[in-house]
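Here are the chains, one letter per residue:
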Amino acid sequence: MSRIQTCFDALQAQGRKALIPYFTAGDPDKANTVAMMHGMVEQGADIIELGIPFSDPTADGVVIQQAHLRALKNGANLSWVLETVKTFRETNSTTPVVLMGYLNPIEIMGYETFVETAADAGVDGVLCVDLPPEAAGRFRSQLVEKDIDLIFLIAPTTTDERIGKICSQASGYIYYVSLKGVTGSATLNTEEVSQRVQHIRNYTDLPVAVGFGISDGPSARAISSTSDGAIVGSVLVKEIAAAAQAGQPESAVGRVGEKLAAMRTAMDNG
Amino acid sequence: MTNNNNGLTEFAPMPNTEGYFGEYGGSLVPEQLHQVMQDIDKAYREIRETPEFKKELQQLHSYYVGRPSPLYYARRLSEHCGGAKIYLKREDLNHTGAHKINHSLGEALLAKHMGKTRVIAETGAGQHGVAMATACSLVGIDCEIHMGEIDIAKEAPNVVKMKILGAKVVPVTRGTKTLKDAVDSAFEEYIKDTENTLYAIGSVVGPHPFPMMVRDFQQVIGEEARDQIQELEGRLPDALVACVGGGSNAMGLFTAFLNDQDVNIYGVEPAGKGLDTPDHAATLTLGKPGAVHGFKCYVLQDEQGEPLPVHSIASGLDYPGVGPQHSYLKDVGRVEYISATDDECLDAFMTLSRKEGIIPALESSHAIAAGMKLAAEMASDKVIVVNLSGRGDKDADYVAQRLGL
Ligand SMILES: Cc1ncc(COP(=O)(O)O)c(C=O)c1O
């Protein structure tokens, strides 16, 4: 059984929801990336979404764009991200790691090399923002062979027919985008999200996690109570940016940990 | 590519229904944009066949843009080169001064038809921005143009025009502060509101259906040129030349001739400070297949798949990707992609100005430079058609400063 499935099964048995933080690998610097991953786990993260730096992250808002640019400036790239996961796995063999990124770096590395290296490093899932299911066939079959999940987004504008198609190809979990907009946008409508998540459940038994617009304990709790997990990105990346700005990259782990701990507490004491 | 009854290569009916030209193109967009791209494709396929739309566009071409644009025999320029006869397809005489108005009108009419209340667009040199702002004024729809800060500084006259026309100009301060990041910025804005907005991409790039749609709207250039040259010379040209940024003016000229095997076709890329330096934007010449901005194409990128910073003296050519159909035409060998440096471009800019009294856009000057070179190597009974995609008013101050005039 994959780490992702084990994780959701265990959470369900405990009646808890998944807390899934995102940050861009190599931000605020390369030296603290593994420490950040461990720190997140200590503060209650169940799954880590690790961003692969790319200069043109078209689906991300300004906060995460800046994170990508900082990471690139630090010399982080796909090969390094894969090595980093391997290092993380030396001392953590249970927390699932999902790589989130854009297609071109993976294309250029080559699907085969990427999948093999990722499997060897201990990557559990891949979410490729600009690789829609109709173009993912060859990549998906290579991932399946190595038991790596291919995770897809479902948006508020996704039609029923397409939800069916996406669910038939997805594994691991479904990432429901709670808002119209890029990452880091404001205002959530919990009621609407809840209805959409229920609707998606008609098409799949996979866990449905929700991301975009979760910023604190209450919103994490509200969203996770209607779904299987809360994905949090921009609010954490803002803390990383502040640490970078202050010239104290090592303080990022603590700053992010504080935010996560508050969300964990709110989610568990529902 | 299919073979028709005559055994000739048939290029026109591309792309396939998923937007692929061979292995290039497609619609590689985040899920949030998937549905709207489908909607645009469907709406476009519907209206392009209706008599009302065809008539409206045709009337705008005749009475608003000033089409057909002349095909002008550049006698003094040809004599200067001492070889083939050079004809210029005068897209510079269009309303707003470039070919960009051809697809901007189409996109604005489509936006109106789809009930959108706002059009957003990116621009490099500002020509697409001005054309889009113009078309939006004409159809009565809001317009927002994303433009890199560096280009804003360089192309001030176009920025002022956009503002006069009522468009909101959004300066893009991220990354390279040029065309690539203007595209990123426009995509970001688009994802926020696909319901009321159309992102009117300014070239034959981006996700399907844009490479197809923009090409179709530009195709009129080559259709006219084909008729005009037959009337003037009684035959088809020996060569076609057009500059390639994203590739819209080039696809516009080339499409009507793709099946004419005896017509040699040249696309001219910006070689910047030289192909042996990092400061160029010769995507097809030196790039590798990859994916940017929602489609597969040749990309100038490093070995990790990061798009490289690119350079051209012409802001409108300063892009690390290129149209998917050009990528395909390169691979099958139907079009030869060559390049011209910044210096060759400046030389052509001045030569055309002084031999013919026509000031070309810096983008178009790349095509002029390559056309002059080709003409010099060809016999005097040969005929070349060069696409003069735009006029150089916007570049006059920059060139004067650069050359110390
Ligand atoms: C006059 C002119 N020609 C050419 C271009 C390049 O675009 P494309 O390659 O799509 O024709 C531009 C772009 O701004 C332009 O303004």
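Because the structure is predicted, anything quoted here is derived from the model rather than measured. (Residues numbered from 1 in each chain as written. Chains lettered and ligands numbered in written order. Predicted model: local features only at pLDDT ≥ 70, side-chain atom pairs only at ≥ 80, totals over all residues.)

Asks: Tell me about the sheet that holds strand 1 (residues 18–24) of chain A, and please be specific about residues and values.
Replies: Taken together, 9 strands build an open sheet; the order of strands is 5-4-3-2-1-9-8-7-6 (chain A) and the sheet is parallel. Bordering the open sheet on either side are strand 5 (149–150) and strand 6 (152–154) of chain A, each of which pairs with just one other strand. (Pairing = 2+ DSSP bridges. Helix = DSSP H or I, 4+ residues; strand = E, 2+ residues; numbered from the N terminus.)

Asks: Could you give me a rundown of the sheet that holds strand 7 (residues 118–123) of chain B, with the residues and numbers involved?
Replies: All names here are of chain B. The parallel open sheet is built from 4 strands, whose spatial order is 9-8-7-10. Two strands bound the open sheet, and with one partner strand each, they are strand 9 (168–172) and strand 10 (197–199). In this sheet, adjacent strand axes meet at a mean angle of 20° when their direction is disregarded. Relative to strand 9, strand 8 (residues 142–148) runs parallel, the two sharing 5 bridges. Residue pairing in the sheet places His146 in a bridge with Val170 of strand 9. Here helix 5 (residues 127–139) sits on the sheet and contacts strand 7 and strand 8; the angle it forms with strand 8, its principal contact strand, is near 175°. (Axes fitted to C-alpha atoms, helices over the stretch in contact; angles between N-to-C directions. Contact = placed C-beta atoms within 7 Å.)

Asks: Which residues make up the confidence of the model for chain B, and what are the values?
Replies: Parts of the model with low pLDDT should not have their predicted coordinates read in detail. All names here are of chain B. Averaged over every residue, the pLDDT of chain B is 95; the share at 70 or more is 97%. Here residues 1–10 is a poorly scored stretch, pLDDT under 50, and it has 12 contacts once near neighbours within four places are set aside; other chains count. For this predicted complex, the interface confidence score (ipTM) comes to 0.93, while the overall pTM stands at 0.94. (pLDDT = per-residue confidence, 0-100.)

Asks: Now, about the pairing of strand 14 (residues 295–299) of chain B: what can you tell me, with residues and values included?
Replies: Most of strand 14 of chain B is tucked away: 5 of the 5 residues are buried. Here strand 13 (residues 288–292) of chain B folds back onto strand 14 of chain B, and the loop between the two strands holds 2 residues, one of which, His293(B), carries a positive phi near 45°. (Buried ≥ 20, exposed ≤ 12 C-beta atoms within 10 Å, placed from the backbone.)

Asks: So what about the domain arrangement of chain B? Which residues, and what values?
Replies: All names here are of chain B. Looking at chain B, the domain boundaries give domain 1 (21–51 + 100–214) and domain 2 (65–97 + 219–403). Taking the mean C-alpha position of each, domain 1 and domain 2 sit 22 Å from one another. With 37 residues of domain 1 in contact, the opposing surface of domain 2 contributes 37 residues. When residues of the side of domain 1 that touches domain 2 are traced back to their parent elements, those giving at least two are strand 4 (24–25), helix 4 (100–113), helix 5, helix 6 (149–154), helix 7 (156–164), helix 8 (179–192) and helix 9 (210–218). By residue class, the composition of the side of domain 1 that touches domain 2 is 16 nonpolar, 15 polar and 6 charged. (Domains from an automatic or database assignment. Nonpolar A, V, L, I, M, F, W, Y, C, P; charged D, E, K, R; others polar.)

Asks: I'd like a rundown of the nonpolar core, residues and numbers included.
Replies: Ile174(A), Tyr175(A), Ala230(A), Val241(B) and Ile384(B) are the most contacted members of the largest nonpolar core, which has 220 residues in total. By residue number, the principal contributor to this core is helix 15 (residues 362–377) of chain B, which donates 8 residues. Setting aside its immediate chain neighbours within four residues, Ile174(A) contacts Phe152(A), Ile154(A), Cys167(A), Ile200(A), Thr204(A), Leu206(A) and Val208(A). (Core = buried A, V, L, I, M, F, W, Y, C linked by C-beta atoms within 7 Å.)

Asks: Let's hear about the interface of chain A and chain B: which residues, and what values?
Replies: Residue-level contacts link 31 residues of chain A with 30 residues of chain B. Elements with a minimum of two residues in the side of chain A that touches chain B: helix 3 (62–73), helix 5 (103–109) and strand 6 of chain A. Counting residues per element, the side of chain A that touches chain B draws most heavily on helix 5 of chain A, at 5 residues. Here the residues of the side of chain A that touches chain B sort into 16 nonpolar, 10 polar and 5 charged.

Asks: Could you give me a rundown of helix 7 (residues 137–145) of chain A, with the residues and numbers involved?
Replies: Residue and element names in this part refer to chain A. Of all the positions in helix 7, only Phe139, Arg140 and Leu143 are classed as buried. Down the axis of helix 7, the buried side of the element spans an arc of 95°, and every buried residue falls inside it. The exposed residues of helix 7 that point more than 90 degrees off its buried face are Gly137, Arg138, Ser141 and Glu145. Where helix 7 is buried, its residues contact helix 6 (111–121), strand 4 (125–128), strand 5 and helix 8 (160–169). A positive phi of about 60° marks Asp147, the residue just after helix 7. (Arc of directions from axis to C-beta.)

Asks: Can you tell me about the pairing of strand 13 of chain B, naming the residues and giving the values?
Replies: By the bridge criterion, 5 bridges tie strand 13 of chain B to strand 14 of chain B in an arrangement that is antiparallel. Its bridge partner lying in strand 14 of chain B, Lys288(B) is registered against Val299(B).

Asks: Talk me through the site of the ligand; I want residue IDs and the actual numbers.
Replies: All names here are of chain B. Residues in contact with the ligand amount to 21 residues; listed here are only the nearest, Gln127, Gly245, Ser248, Gly316 and Gly390. Those elements giving two or more residues to the shell around the ligand turn out to be helix 5, helix 11 (248–254) and helix 15. Broken down by element, the shell around the ligand gets its largest block of residues, 3 residues, from helix 11. When the residues that make up the shell around the ligand are grouped by side-chain class, the tally is 7 nonpolar, 13 polar and 1 charged. Taken domain by domain, the shell around the ligand gets at least three of its residues from each of domain 1 (21–51 + 100–214) and domain 2 (65–97 + 219–403). (Near = placed C-beta within 6 Å.)

Asks: Quick rundown of the environment of Val62(A)? Include the residues and the values.
Replies: All names here are of chain A. Along the chain, Val62 falls in helix 3. When the 15 C-beta atoms within 10 Å are taken as the criterion, Val62 is described as partly exposed. Each C-alpha atom, one on Val62 and one on Ser234, is 9.2 Å from the other, the two residues being 172 residues apart in sequence.

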